[in-house]
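Remarks on the overall topology
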Amino acid sequence: MANRSVNNVFAPAPPHFVGDGFRVHNFIPGFAPLSMKRMDPFIMLDYNSTFYFPPSPVPRGVDVHPHRGFETVTIAYKGSVAHNDSKGGSGVINEGDVQWMTAASGVLHKEYHEKEFSKKGGDFQMVQLWVNLLAKDKMSPPKYQAITASKMTHVPIKNGKGFIEVIAGAYHEHKGPAFTFTPVNLMNAKLKKGDKVDFSFPAHYNTALLVIEGEVTVNDTRNAATDHFVLFDNDADAFSIEAKEDAIVLIMSGEPLNEPIASHGPFVMNTREELQQAFVDFQNGAFGSLN
Ligand code: MN
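Attention here is on the structure that accompanies the text. In this text, all values refer to a predicted model and were calculated from it rather than measured experimentally. (Residues numbered from 1 in each chain as written. Predicted model: local features only at pLDDT ≥ 70, side-chain atom pairs only at ≥ 80, totals over all residues. Heavy atoms only, no water.)

On the secondary structure map, Asp123 appears in strand 11 (residues 122-132). Its relative accessible area of 38% is what places Asp123 among the partly exposed residues. Between the C-alpha atoms of Asp123 and Phe53, which are 70 residues apart in sequence, the distance is 6.3 Å. Contact partners of Asp123, with chain neighbours within four places excluded, come to Thr50, Phe51, Tyr52, Lys78, Gly79 and Phe117. (Helix = DSSP H or I, 4+ residues; strand = E, 2+ residues; numbered from the N terminus. Buried < 20%, exposed > 50% of the residue type's maximum accessible area, 1.4 Å probe, protein only. Contact = heavy atoms within 4.5 Å.)

What follows is the structure in structure tokens.
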């Protein structure tokens, strides 16, 4: 059977700062055709490529802001982030960990470099991915899933030295720990030079990968270097990745929700009226309070 075609390999866009703590390349929504609709249910992907932050007594980050209507997934590759939210939740996302926050009906939160990391300074590398929710789930209660590295499912690669680390969905029959509202596959391929690994997700699932470290060849033909993003067409299930050197690759594949998207900043709803309601609720304090 033929492989899923590579639509394109995207170099990272010039970085910009989110607050003073996240120096990100925006991939979704980004260069054509990487729109929210095309990447549905993945509606935003910001990538902080490896960047050295010098020591700072005051943690850098993003101050209090709201979210409604979707989930934010933070994947820490280097460095640590602390978060606090208006529902009393707080925690630290350390190197190797993932935080899966269901904002849904609404939270206020802030995201900062963890205190000790700030004091020492160091390399920082992180992904934030937004996963959209169906209309019926958008107003469900907010929650967190702290998915530490040890909770992820490790699947050794056949005839190789590396492994797949499943966060959500499944790699073949091996399921990851995250609860998702709709089918989402999210995993890291942690490969050693020469490892070749195959993936298979339903053709209609929107599918992409981001090279976190190293360089890989996709479907034996297309090279993708560090910090590059590969979009697949929806013409077949399977694809392969071969590591030209030790590599880490983030793989995402999700069933499209196929619902209307109305978005403005931190709110992603189905209609303009719902967006306006989100602003009204936010201003009326319905998201709680956070200092
Ligand atoms: Mn946020």
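The rest of the description comes next.
The next subject is the side chain of His25. Secondary-structure assignment places His25 in strand 3 (residues 22-28). Sequence-distant contacts of His25, defined by excluding residues within four places in its chain, comprise Pro12, Ala13, Pro14, Pro15, Leu45, Asp46, Tyr47 and Ser49.

Right, let's talk about the coordination of the manganese ion for a bit. Ideal values differ by geometry: the angle at a metal is 109.5 degrees with four tetrahedral donors, but 90 or 180 degrees with six octahedral donors. Only His65 (NE2), His67 (NE2), His109 (NE2) and Glu111 (OE) from the protein reach the manganese ion as donors, at distances of 2.1 to 2.4 Å. Read N to C, the donor residues that coordinate the manganese ion are spaced as H-x1-H-x41-H-x1-E. Here His67, found in strand 5 (residues 61-67), pairs with His109, found in strand 10 (residues 107-113); they are 42 residues apart in sequence, far enough to count as distant. Using a relative accessible area of 3% as the deciding quantity, one classes His67 as buried. (Donors = N, O, S within 2.8 Å, 3.2 Å for Na, K, Ca; no water.)

With that settled, consider helix 3 (residues 272-283). The end-to-end C-alpha separation of helix 3 is 17 Å, in line with the 16 Å expected for 12 residues at 1.5 Å each. Looking at the buried residues of helix 3, the elements they touch are strand 25 (262-264) and strand 26 (267-269). (Expected span 1.5 Å × (residues − 1).)

These results come straight from atomic positions and should not be treated as a statement about function.
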